[in-house]
Amino acid sequence: MSMAPYIPRVAAIHDLSGYGRNSLSVVIPILSTMGCQAVALPTAVLSTHTGGFEDYAFEDLTGFMKKAIDHWMKLDIRFHCVYSGFLGSPAQVELVSDFIMRQREHKPLVVVDPVLADDGKLYATMDMDMVAGMKYLISRADVVTPNLTEASLLLGKSYKADLGEETLKEWLVSLADMGPETVVITSAPISGKGKDISVAAYNRQSGHFWRAPCVYIPANYPGAGDVFTSVLTGSLLQGDSLPVALDRGVQFVTQAIRASYGFDYPRRDGVLLERVLGSLNGPVFLGSYEWLDEREV
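Residues numbered from 1 in each chain as written. Predicted model: local features only at pLDDT ≥ 70, side-chain atom pairs only at ≥ 80, totals over all residues. Heavy atoms only, no water.

(A) Structural context of the side chain of Asp269. With respect to the helices and strands, the residue Asp269 is situated in the loop between α8 (242-261) and α9 (273-276). It turns out Asp269 is buried and unbridged, and the closest side chain with the opposite charge, Arg268, is 4.5 Å from it. Beyond its immediate sequence surroundings of up to four residues, Asp269 is in contact with Tyr19, Gly20, Arg21 and Phe53. (Helix = DSSP H or I, 4+ residues; strand = E, 2+ residues; numbered from the N terminus. Buried < 20%, exposed > 50% of the residue type's maximum accessible area, 1.4 Å probe, protein only. Lys, Arg positive; Asp, Glu negative; His and termini not counted. Salt bridge = Lys/Arg side-chain N within 4 Å of Asp/Glu carboxyl O. Contact = heavy atoms within 4.5 Å.)

(B) Here's a closer look at the sheet that holds strand β5 (residues 58-60). Taken in spatial order, the three strands make up an open sheet running β2-β4-β5, and their pairing is mixed. In this open sheet, the two strands that pair with only one neighbour each are β2 (16-19) and β5. Adjacent strand axes in the sheet meet at a mean angle of 10°, parallel and antiparallel pairs treated alike. (Pairing = 2+ DSSP bridges. Axes fitted to C-alpha atoms, helices over the stretch in contact; angles between N-to-C directions.)

(C) Examining the sheet that holds strand β6 (residues 81-84) more closely. In space, the nine strands of this open sheet follow the order β3-β1-β6-β7-β10-β11-β12-β13-β14, with mixed pairing throughout. Here the strands that pair on one side only, and so sit at the sheet edges, are β3 (37-40) and β14 (290-292). Along the sheet, helix α6 (residues 165-176) contacts β11 (182-189), β12 (197-203), β13 (208-214) and β14; its crossing angle with β11, the most-contacted strand, is approximately 150°.

(D) A look at the packing of aromatic side chains. Applying the stated rule across the entire model yields six aromatic pairs. Ring geometry for Tyr19 against Phe53: centres 5.9 Å apart, planes inclined by 90°, an arrangement best described as edge-to-face. Within this pair, whereas Tyr19 is found in strand β2, its partner Phe53 is found in the loop between β4 (44-48) and β5, the two being separated by 34 residues in sequence. The partly exposed category is assigned to Tyr19, whose relative accessible area is 42%. Both rings, one in Trp72 and one in Phe99, keep their centres 6.0 Å apart while their planes meet at 55°; by these two values the pair is tilted. Here Trp72, found in helix α2 (residues 62-74), pairs with Phe99, found in helix α3 (residues 90-103); they are 27 residues apart in sequence, far enough to count as distant. The class of Trp72 is buried, set by a relative accessible area of 10%. Ring pairing ties together the aromatic residues Trp72, Phe79 and Phe99, which thus form one cluster. (Phe/Tyr/Trp six-rings, centres within 6.5 Å; stacked < 30°, edge-to-face > 60°.)

(E) Here's a closer look at the pattern of salt bridges. Taken as a whole, this structure holds ten salt bridges when the rule is applied. Here Lys66 and Asp70 are joined by a salt bridge, their closest N and O atoms 3.1 Å apart. Here Lys66 and its partner Asp70 are both found in helix α2, four residues apart, which amounts to about one turn of the helix. Lys66 gets classed as partly exposed once you look at its relative accessible area, which sits at 48%. We classify Asp70 as partly exposed; its relative accessible area is 31%.

(F) Examining the pairing of β6 more closely. Of the two faces of β6, both are covered, the one formed by Cys81 and Tyr83 as well as the one formed by Val82 and Ser84. Inspection of the sheet shows strand β1 (residues 9-13) paired to β6 by four bridges, in the parallel sense. Bridged to Ala12 within β6 is Tyr83. After leaving β6, the chain enters α3 and then returns to the sheet as strand β7 (residues 109-112), a path that is right-handed. (Right-handed = clockwise from strand over helix to strand, strands pointing away.)

In structure tokens form, the structure reads like this:
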């Protein structure tokens, strides 16, 4: 008797915007393209995403989340990965934390993107209670992917856009000491490289630091962080190492931005994901990631 192919099952806990390319609108196609089953648990539904749109319709789904989780547990649905992004309230943080613990016996990969802030300030829907909630949630994660602003909030540090390499390493280690084995900080500066930024990572078990540089492109697309973390997650579930997963995430986001940049359309619509999605099934070309000094352990 032939066995069915193994498909990693991911509980994708994010908001769903009807228009715009972010959150579940990019998480589901990316994970599916990378051979994973994306099981959506929407935290809210919106008519559009919040980046650049006004007067959008918004519906909180906290009550639905609880019912959905209870139903999944009754059905004994087991997840290979729990991947959370935008959460709308401390009550949702508590629901996700409880769900992670209820799945722990199945040893899922837990990825938390602590959506809180960017460019040195909290998002309009966030407050310090949510920061406290995210501090608690990342303690239950295996992999966390804050941007530089979110990292500063989680650590109670002052935001610095020009963070030096040694301080960046200290932040990575401090975040790992809060619980997660792997910490990835996006939008991290590179000393002496002008506007170029990078994705920096640290694995507590190995003591290794990694970095994947990103060439600066003068455009800002909402949802690019969701795209990166989704590719990172899919790559790890495919069995790739951390530096390879970093590399694939950065390369794909860069490719998506370059494919989009030449077209005349509103940046708030997000990257033209449809033009590059198929490349996730192509050969993996590596070469951009860098190994930083190993931590003394």
